[in-house]
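Architecture and fold: a report
The residues making up each chain are set out below.
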Amino acid sequence: MADSQRASEPVNFVHQDEIWKAHLKSEKDSAKVWPNKWGFLTKAYKEYKRESVKLKEAVREKHPHHHLASRPLTPAGENNNVGPSPPVPQTSQALIGWRSGQSHLQLERYATVHYGRRSFLKELDWPLGSCS
């Protein structure tokens, strides 16, 4: 409703121009004051950039084309033991998820994941009814 009323009101271009000029003036004033307040950050950044360039050059000299190097081949028969799959059981989902039922084929190799239902409100220590 406010938009329909605003559309019918005449626009004061001079007033809008004054507001724009005030924004530009405050931006220019801020740009003049910034080096005195925050100029020390530029020195720290330049030092960081110099250090970064030195480190990158050292890495390039030590490993000139590391991004193009290929990984060494794994010898056949080592670390790639894939056993035969057990027969596919008849389920309503057909083939989806049939290997996860076998303990030696599960993705959780080291431990099962025990994440229960968690409440975001409990993590923030908020009362349970606060977002209702």
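All figures in this text were calculated on a predicted structure; none of them were measured in a lab.

Here we look at the overall build of the protein
A count of helices and strands for the protein gives four helices and zero strands. Ordered by position from the N terminus, the helices and strands of the protein form the series α-α-α-α. The proportion of buried residues among the 132 residues of the protein is 4%. For the protein, the accessible area works out to roughly 13600 Å², and carbon and sulfur atoms hold 58% of it.

Description of the pattern of salt bridges
Enumeration according to the criterion identifies three salt bridges in this entry. One salt bridge in this structure joins Lys 21 and Glu 18, with 4.0 Å as the shortest N-O distance. Residue Lys 21 and its partner Glu 18 are located together in helix H2 (residues 13–38), separated by three residues, close to a single helical turn. When its relative accessible area of 45% is taken as the criterion, Glu 18 is described as partly exposed. Note that Lys 25 is salt-bridged to Asp 29, the shortest N-O span being 3.1 Å. Of this pair, Lys 25 and Asp 29 both sit in helix H2, four residues apart, which is roughly one turn of that helix. When its relative accessible area of 52% is taken as the criterion, Lys 25 is described as exposed. Given the relative accessible area of 34%, Asp 29 is considered partly exposed.

Examining unusual backbone geometry
Non-glycine residue Asp 125 carries a positive phi angle of around 60°. By the secondary structure assignment, Asp 125 is in the segment after helix H4 (120–123). Of the residues examined, Asp 125 reaches a relative accessible area of 68% and is grouped as exposed.

Concerning H2
Owing to its 3.6 residues per turn, the α-helix brings residues three or four apart onto one side. Over its 26 residues, H2 extends 36 Å from the first C-alpha to the last, a length consistent with the 38 Å expected when each residue adds 1.5 Å. A bend of about 35° at Lys 32 is the largest found in H2, and the proline Pro 35 appears one to four places after it. Between a side-chain oxygen at the N-terminus of H2 and the backbone nitrogen of Val 14 the separation is 3.3 Å; the capping residue is Asn 12.

Overview of the environment of Thr 42
Topologically, Thr 42 is positioned in helix H3 (residues 40–62). Accessibility expressed as a relative area gives 32% for Thr 42, which makes it partly exposed. Within the structure, the side chain of Thr 42 is placed 2.5 Å from the backbone oxygen of Gly 39, a separation counted as a polar contact.

Regarding the confidence of the model for the protein
Residues with a pLDDT of 70 or more make up 65% of the protein, whose mean pLDDT is 77. Per-residue pLDDT, averaged within each element of the protein, yields its smallest value for helix H1 (residues 2–8) (60) and its largest for H2 (94).

Brief notes about the packing of H2 against H3
The interhelical angle for the contact between H2 and H3, taken along N-to-C directions, is 65°, at an axis separation of 6 Å. Within the contact between the two elements, H2 uses Trp 34, Lys 37 and Trp 38 and H3 uses Phe 40, Leu 41 and Thr 42. Across the contact of H2 with H3, the residue classes tally to four nonpolar, one polar and one charged.

What to know about a positive patch on the surface
Among the surface-exposed residues, Lys 43, Lys 46, Arg 50 and Lys 54 lie close enough to one another that they form a single positively charged patch. Mapped onto the fold, Lys 54 is located in helix H3.

Quick notes on the rules
Residues numbered from 1 in each chain as written. Predicted model: local features only at pLDDT ≥ 70, side-chain atom pairs only at ≥ 80, totals over all residues. Heavy atoms only, no water. Helix = DSSP H or I, 4+ residues; strand = E, 2+ residues; numbered from the N terminus. Buried < 20%, exposed > 50% of the residue type's maximum accessible area, 1.4 Å probe, protein only. Areas by Shrake-Rupley, 256 points an atom, 1.4 Å probe, with all protein chains shown as cover. Salt bridge = Lys/Arg side-chain N within 4 Å of Asp/Glu carboxyl O. Expected span 1.5 Å × (residues − 1). Bend = angle between axes of the 7 residues up to and from the residue. Polar contact = N/O pair within 3.5 Å; in protein donor to acceptor, adjacent residues only side chain to side chain. pLDDT = per-residue confidence, 0-100. Axes fitted to C-alpha atoms, helices over the stretch in contact; angles between N-to-C directions. Contact = heavy atoms within 4.5 Å. Nonpolar A, V, L, I, M, F, W, Y, C, P; charged D, E, K, R; others polar. Patch = residues over 30% accessible without salt bridge, like charges linked within 9 Å, V, L, I, M, F, W, Y side chains within 5 Å. Lys, Arg positive; Asp, Glu negative; His and termini not counted. Charge placed at Lys NZ, Arg CZ, Asp CG, Glu CD.

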